[in-house]
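These are the residues of each chain, in order.
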Amino acid sequence: MTAGGFDVRSAYAEHGRDLLGFAVNAVGDRGLAEECVQETFTRAWQARERFDPARASSRTWLFAIARNVVIDAMRRRGRRPMTLVPDVREPREVRPPESDQVDDHVGLVWALAQISADQRRVIVAVRLEGLTYDQLSERDGVSVATLRTRMFHGLRALRALLDEEGAS
């Protein structure tokens, strides 16, 4: 199934698992995430003639499609995006998320999926789970200096991705 330089089968084999992880993290529901991945590849297949490898890699193109699919699915179903670390300190009124909040959440999950696993692990552990570098170092067996370097480069990559996405 190749056309326009895009082979859907090989793209699914290469990126399907990562796209599913992105979708599960964004919507918090495996069934809905699987539907999102299926819709992503359906849209990619339908638009395969427009894929231009000079403009973006197949991974980047697929994640851009997946981001839109996830946003559409969350809006259509009126679901609230899953928070990465729930705040359980005190009960609060639950209101549906604003459209911008959904976009921001999906954009952050999308950007996290684009950086290296090592960088993502440090950012999530320190910024979202609240671990200290010392705790993370002890848990993962990686030096604090290495963790700080991964954080620095990971945050820089996230900023660049989110700035680029905001300009699109």
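Residues numbered from 1 in each chain as written. Predicted model: local features only at pLDDT ≥ 70, side-chain atom pairs only at ≥ 80, totals over all residues. Heavy atoms only, no water.

Enquirer: Describe the nonpolar core, and please don't skip the residues or the numbers.
Expert: As a rule of thumb, soluble globular proteins bury nonpolar side chains together. In this structure, Phe-6, Phe-22 and Val-70 are the most contacted members of the largest nonpolar core, which totals 46 residues. Elements with a minimum of two residues in this core: α1 (8-27), α2 (30-46), α3 (58-77), α4 (99-114), α5 (117-128), α6 (133-140) and α7 (144-167). Per-element accounting of this core gives the leading share, ten residues, to α3. Once residues within four sequence positions are removed from consideration, Phe-22 is found in contact with Phe-63, Ala-66, Arg-67, Val-70, Val-106, Val-109, Trp-110 and Ala-113. (Core = buried A, V, L, I, M, F, W, Y, C linked by side-chain atoms within 4.5 Å. Buried < 20%, exposed > 50% of the residue type's maximum accessible area, 1.4 Å probe, protein only. Helix = DSSP H or I, 4+ residues; strand = E, 2+ residues; numbered from the N terminus. Contact = heavy atoms within 4.5 Å.)

Enquirer: So what's going on with the side chain of Gln-119? Which residues, and what values?
Expert: Examined against the element boundaries, Gln-119 turns out to sit in helix α5. Relative accessible area serves as the criterion here: at 17%, Gln-119 is assigned to the buried category. With sequence-adjacent residues up to four places away left out, Gln-119 is seen in contact with Arg-150, His-153 and Gly-154.

Enquirer: Explain α1 to me, and be specific about the residues and the numbers.
Expert: Its 20 residues place the ends of α1 only 24 Å apart at the C-alpha level, less than the 28 Å of an ideal helix rising 1.5 Å per residue. At His-15, α1 is deflected by roughly 55°, the largest bend along its length. In this structure Asp-7 caps α1, since a side-chain oxygen of it lies 3.3 Å from the backbone nitrogen of Arg-9. Downstream of α1 by one or two residues, Gly-28 has phi in the positive range, about 70°. (Expected span 1.5 Å × (residues − 1). Bend = angle between axes of the 7 residues up to and from the residue. Polar contact = N/O pair within 3.5 Å; in protein donor to acceptor, adjacent residues only side chain to side chain.)

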